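In case you want the letters, here they are:
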Amino acid sequence: MSQCCAALAVVLMVVDLLVTGSFFVHSAELMTASVGCFIAALLLDKNSRS
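Attention in this report is confined to the structure presented alongside it.

Rules and cut-offs
Residues numbered from 1 in each chain as written. Predicted model: local features only at pLDDT ≥ 70, side-chain atom pairs only at ≥ 80, totals over all residues. Heavy atoms only, no water. Helix = DSSP H or I, 4+ residues; strand = E, 2+ residues; numbered from the N terminus. Buried < 20%, exposed > 50% of the residue type's maximum accessible area, 1.4 Å probe, protein only. Contact = heavy atoms within 4.5 Å. Phe/Tyr/Trp six-rings, centres within 6.5 Å; stacked < 30°, edge-to-face > 60°. Expected span 1.5 Å × (residues − 1). Arc of directions from axis to C-beta.

## Topic: the side chain of S34
If you trace the backbone, S34 turns up in helix 2 (residues 28-49). Owing to a relative accessible area of 1%, S34 belongs among the buried residues under this scheme. Apart from the residues within four sequence positions on either side, S34 is in contact with A9, L12 and M13.

## Points about the packing of aromatic side chains
Considering all chains together, one arrives at one aromatic pair under this definition. Pairing F23 with F24 gives two aromatic rings, centres 5.5 Å apart and planes at 85°, and the pair type is edge-to-face. An identical accessibility class is assigned to F23 and F24; each is exposed.

## Focus on helix 1 (residues 2-20)
The terminal C-alpha atoms of helix 1, which comprises 19 residues, lie 27 Å apart, in line with the 27 Å expected from a rise of 1.5 Å per residue. Looking at helix 1, one finds that the buried residues are S2, C5, A9, L12 and D16. Buried residues of helix 1 fall within an arc of 75° about the axis and therefore sit on the same side. Every exposed residue of helix 1 that faces more than 90 degrees away from the buried side is listed here: Q3, C4 and L18. Note on helix 1: the residue one or two positions beyond its end, G21, has a positive phi of about 75°.

In structure tokens form, the structure reads like this:
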């Protein structure tokens, strides 16, 4: 499950780059969703190892 969240976060980052066309400018919604997915992936991975 954590790998799915991490993959989704990467896909959202790529979509954000394609939409904005710049590495330094981001769409707030896509960036928030991407960071949220990365946090979820980290938490799921941490909980699965305990």
